[in-house]
Amino acid sequence: MKKIKLDIVGLSYSQTQSGAYALVLGEVGGNRRLPIIIGGFEAQAIAVEIEKMQPSRPLTHDLFKTFADNFNIVIQEVLIYNLIDGIFFAKIICSNGAKPIEIDARTSDAVALAVRFGAPIFTYDFIMDASGIVIETNDLAFLENIDAPTAKENITTPAPDKPKEKSPKSTYGHLSDEQLEADLNKAIDNEQYEAAAKIRDEIERRKS
C-alpha cells in the first residue's frame, strides 16, 4: 500500500471540554489534513518538544529518548497503519543496528517520540481517504467543523463534540513583555506546560 508522509500542522484545544485536544497532521505536498483527538497529557508531551521548552525534570518521552540513545536505539519512522471504529492504530519502527523492530503504540505516544527523534511520520492512503479533511487554505479554521468521534485515538478522556481553535483573545494581553518572560520561565519550572504554551503564543503574537 502507498504510504503518505505527514507533518505536524498543529494542536488545537477545546474551550468547552477540558483535557481534549486535536492533533492535526498534514499530508506533505498535499492539502489533506488528518485530525486525531488525543488527551491533554499526550498533547503536552508533543507541544513541549515542538516549542523546544526545557522541563525542570525529564518527561516520560524524554526519558525514553535518553534510554534509547544510551543503548543505540533509533526510531526510523512512525506509521499510522489502521483505523478501526474511529480509532487510529500506530506502530514505531525502530532499530538497534541489527534489524528493524515494530512496536505497537498509541498514535499520540508515537508522534511524541517521532518529534524527539526527528523521525518521519507516515500513514496509508486509505486512512487519509477515510478520515482526512481536504482544505483550501493553510489555516486551522477547519478544526471547528471536525466531528470528533471520527478522528480520535483510544484515550480515557472523552473527546469534545467540536474541538475548537484557540481563541485569539489572550488572558495575558495586559502583561508587559518582561512579565510575560518571567511568567513563562515560572510556568516551565513548575511543569505547567499548557500555561507556558499560552504565554509563548502571546509573546509570539506580539513579535509578529
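Given the structure is predicted, the values throughout are model-derived calculations rather than measurements.

(A) Inspection of unusual backbone geometry at higher detail. A positive phi is found at Lys52, a non-glycine position, where the angle reads about 60 degrees. Along the chain, the position of Lys52 falls in the loop between helix 1 (40-50) and helix 2 (60-70). At Asn72, a residue that is not glycine, the phi angle is positive and equals roughly 55 degrees. When you line up the elements, Asn72 lands in the loop between helix 2 and strand 4 (74-84).

(B) Focus on the nonpolar core. One finds Leu6, Leu34 and Ile80 to be the most contacted residues of the largest nonpolar core, which totals 31 residues. Only strand 1 (3-13), strand 2 (20-27), strand 3 (32-39), helix 1, strand 4, strand 5 (87-95), helix 3 (107-117) and helix 4 (125-131) provide two or more residues apiece to this core. Broken down by element, this core gets its largest block of residues, six residues, from helix 3. Not counting residues up to four positions away in its chain, the partners in contact with Leu34 are Leu6, Leu23, Val24, Leu25, Phe88, Ile127, Met128, Ser131 and Gly132. In terms of nonpolar packing, the next biggest core, distinct from the first, is built from 13 residues, Tyr172, Leu180, Ala196 and Ile199 among them.

Cut-offs used in this document
- Residues numbered from 1 in each chain as written.
- Predicted model: local features only at pLDDT ≥ 70, side-chain atom pairs only at ≥ 80, totals over all residues.
- Heavy atoms only, no water.
- Helix = DSSP H or I, 4+ residues; strand = E, 2+ residues; numbered from the N terminus.
- Core = buried A, V, L, I, M, F, W, Y, C linked by side-chain atoms within 4.5 Å.
- Buried < 20%, exposed > 50% of the residue type's maximum accessible area, 1.4 Å probe, protein only.
- Contact = heavy atoms within 4.5 Å.

Shape is all these values report; function is a separate question.
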